[in-house]
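Commentary on secondary and tertiary structure
Chain residues, written in single-letter form:
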Amino acid sequence: MKLNMASTALLYACLSSSARVASGFVTRSTVTPRAIVSSTHLSFSTSNNEQNTAAAAVSGIRRRRARNSINSLIERASITEGTRYKDGALNMSTAEQQTDINGASTTNNNNDSQDEEFDKLFPNKNQNVLDLPPRMRFAPSPTGSLHVGGARTALYNWLVAKKGLLDYGEERGGGFVLRVEDTDLARSTKESEDSVLADLSWLGLLWDEGPDTPLAKYGPYRQSERSALYSKVANRLIAQGKAYPCFCTPEELDEMKARMEAEGIPPRYDGTWRDADPEVVAKKIADGEPYTVRFKVPPGARVVIDDAVRGTVAWDAEATVGDFILLRSSGVPVYNFCVAVDDATMGITTVIRAEEHLTNTLRQGLILDALGAPRPRYAHCSLILGEDKQKLSKRHGATSCNQFRLDGFLPDAMINYLALLGWNDGTDNEIFTREELIEAFDIDRIVKSPSVFDMDKLKWVNSQHLKKMEVEDLLGLVQEQLEFMEMIKEGGDEKKTRDFVFASTALAKQMMETTQDAATNAKTVLGYDLPATFDGLSDAEAKTMVEQGNFYGIAMKIIEMHEAGSFPMPDANNMLAAFMDGSNKAIVEDNQIGGDEGSYPMQYKATMKALAKEMGVKGKDLFHPVRLALTGEMSGQDVTKQMSLLAMASEDDSAVNVEKAGVVAFESRVEMLKSFCESIPEQFRVSKSASIEDKSKDSANDSKSESKADASKDAVSSSSSPAVTDPLAEYDGPPITAL
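The present account deals with the structure reproduced in this document. (Residues numbered from 1 in each chain as written. Predicted model: local features only at pLDDT ≥ 70, side-chain atom pairs only at ≥ 80, totals over all residues. Heavy atoms only, no water.)

So, on to the overall build of the protein chain. The number of helices and strands found in the protein chain is 28 helices and 13 strands. Sorting the 739 residues of the protein chain into buried and exposed places 47% on the buried side. Restricting to contacts in the protein chain with at least 6 residues of sequence separation, those with at least 24 account for 77%. (Helix = DSSP H or I, 4+ residues; strand = E, 2+ residues; numbered from the N terminus. Buried < 20%, exposed > 50% of the residue type's maximum accessible area, 1.4 Å probe, protein only. Contact = heavy atoms within 4.5 Å.)

Here it is, written out as structure tokens:
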């Protein structure tokens, strides 16, 4: 059974690594090389004498047999009975296999040529990423929907990319990259990917490169489609002695972990296969034993980054992580390996992400240094918390972007609010357009402290954006909400649908915080909550008003006028009269009356004046009873607008789904009002204010009579009483001012 090309390359890499045993990168010697890991590269300071000493020290560690040649190893492996080779991620195309074999068997000149070819994979190599046009990326895992935290991460990256395109121009190669990290095969789904992309599109965070641009320069953009690249890079690291196969079983690793925990040592891989005999490695591979590929952490290595948010962050790499896995035994690459390779090969210059990824930077930085690719600039944003100061989650309410869309929030308002969750422009301004955010956003103004998600603040921001929009601009969004609530018939008359949406939007424009408010308000207006009997009236304010006695007489008058056909109703030929002014512009102020002379609103106004005169009531004593009788509510928007919306929903061939919208037509309301009035006790059918006024008049007349009688008595008394002289008139002493 023959070994495939990748096996041959790996065998050669194992032998090659033993030939470089003197290198400080490859061996753990008694003289530890001084590894220096900066924010951009990894270098080693080891003199020739130190290398010779290290080689001698290693040679004394273990007595080795004479090495077989690469050809003899391949031949022996190929004839081994029952040979199985699980190449996994090392399974490469024929061209790639041939390239690696050539790299393992040609001259040094050819090796140099291949090094140059390999380096071309990294577009930012030997460049300062801060001098390049920003290439930003958002890399979601398609294991669920897009949530608030991920949306903010996408937004920050998008803002930097868009500002970079304005500053540098599109021809310089910057942009916003969407990369799908779907290496979690068990949880990743196409449905989740579609959902995330749809949410980003709704927010307006459109990408310049992504899964839907397969022919772009740095594609493909799904990690599941980049396995050949990961294989190529992994083989390269093995060939350079920067990675190695590990054959430890899960049981051995568990035992290793338990031993370290018992000794009080932070668990990490102990390097069992780090410097294993290449022949033993080759034999195990040829025998088909499963293995992982581990990264060889340089002795004494430290990783230091200058985080744009958190400042300087440093790790002792060897003590913290040990030799970590790059490829699982199944051949699937691990998350950090994929991310590092993707960032390097896609030319990413800056990575903005959540602080929970900060620890991943250590492994990714080591891999990037080993590849000779510059690290991007990092900015790790603090978490978003709920109002209870715990990490935001579903228990805090809506957290997914799609739910906010369903709840009627505007994309621009969401962008505005998300930007404020961890950033400010240094002023008191809190309302930004998309263009203003692009201009103002600066990565250096991202704050380190966590932000609290405040739903009330989001609603306020949304309401400010709504107020800046015209009614016509909101129609599509309000119609979407009406459709979500199934209040509009599918396939209904387009004009009637448009008029109903327009009326619903204009009616709620002044007060709505979300576009959903327009739909819920319309449903409230179309309903009628007046109870069947007086005893069933639970609203204390309404009950007190009815007990004053004005309601009964006014309600009975409305019933009488309706039955006589004299109570004004909306004009079927001009249903929008209440919502339009004389110039046919939408009315959004509730105290502004629509229509012109002779229109329904004007007829209603004239009727109310006549009713007030006839019933002898005015102000709230008139309008509260009328509103309760017609709408079933004590407060709300202009009655003519409410009655017009009801008429649209009740007409023949209406566009409204009567059952879902809860429509109670005017005829039904009149019947319910009759029933309610019949249940009102006799003592509440007469206006108390009128009785009080009559008593006041009688009391006033009595008071006037008493006052006249008292005046007459005083006059008689004064005429019959003797005159009283002033004592000062006969005073003959010194001046009073002197006393």
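In spatial order, the strands read β5-β6-β9; together these three strands make up an open sheet with antiparallel pairing. Each edge of the open sheet carries a strand with a single partner, namely β5 (243-246) and β9 (325-327). Each adjacent strand pair in this sheet contributes to an overall mean axis angle of 40 degrees, direction not counted. In this sheet, strand β6 (residues 292-295) lies alongside β5 in antiparallel orientation, the contact comprising four bridges. The partner of A243 across the bridge, within β6, is F295. (Pairing = 2+ DSSP bridges. Axes fitted to C-alpha atoms, helices over the stretch in contact; angles between N-to-C directions.)

As for its placement among the helices and strands, S192 is situated in helix α7 (residues 190-203). By relative accessible area, S192 is classed as buried at 13%. For S192, the contacting residues outside a window of four places in its chain are P142, T143 and G144.

Before going further, it helps to examine the nonpolar core. Ranked by internal contacts, the top residues of the largest apolar core, which has 122 residues, are L526 and F551. Counting residues per element, this core draws most heavily on helix α6 (residues 148-168), at nine residues. Excluding residues that lie within four positions of it along the chain, F551 makes contacts with M545, V546, P625, L628, A629, L673, F676, C677 and I680. Y221, L229, I238 and F295 belong to the second-largest nonpolar core, a separate cluster that totals 54 residues. (Core = buried A, V, L, I, M, F, W, Y, C linked by side-chain atoms within 4.5 Å.)

A few words on unusual backbone geometry. Note that the residue after G219, namely P220, is joined by a cis bond; omega there is -5 degrees. With respect to the helices and strands, the residue P220 is situated in the loop between α7 and α8 (227-239). One non-glycine residue, E486, lies in the positive phi region at around 60 degrees. Residue placement: E486 occurs in the loop between α18 (471-484) and α19 (494-508). Of note in this structure, D653 is not a glycine but carries a positive phi near 55 degrees.

For any pair of aromatic rings, geometry is given as the distance between the ring centres together with the angle between the planes. Overall, the coordinates contain 16 aromatic pairs when judged by the stated rule. Between the aromatic rings of F404 and F453, the centroid separation amounts to 5.8 Å while the plane-to-plane angle is 45 degrees, which identifies the pairing as tilted. Highlighted residues: F404 in helix α14 (residues 401-406) and F453 in the loop between β13 (451-452) and α17 (455-467), separated in sequence by 49 residues. Ring-pair connections join several aromatic residues into one group, and the members of that group are Y156, W423, F432 and F441. Across the ring face of Y269, the terminal group of R294 is positioned such that the distance to the ring centre comes to 3.8 Å. (Phe/Tyr/Trp six-rings, centres within 6.5 Å; stacked < 30°, edge-to-face > 60°. Lys NZ or Arg CZ within 6 Å of the ring centre and 35° of its normal.)

Once that is clear, we can look at the side chain of Q642. Along the chain, Q642 falls in helix α25 (residues 639-650). Among the residues examined, Q642 registers a relative accessible area of 5% and is labelled buried. From its side chain, Q642 meets the backbone oxygen of Q637 in a polar contact 2.8 Å long. Discounting chain neighbours no more than four positions away, the residues touching Q642 are V525, R627, T631, G636 and Q637. (Polar contact = N/O pair within 3.5 Å; in protein donor to acceptor, adjacent residues only side chain to side chain.)

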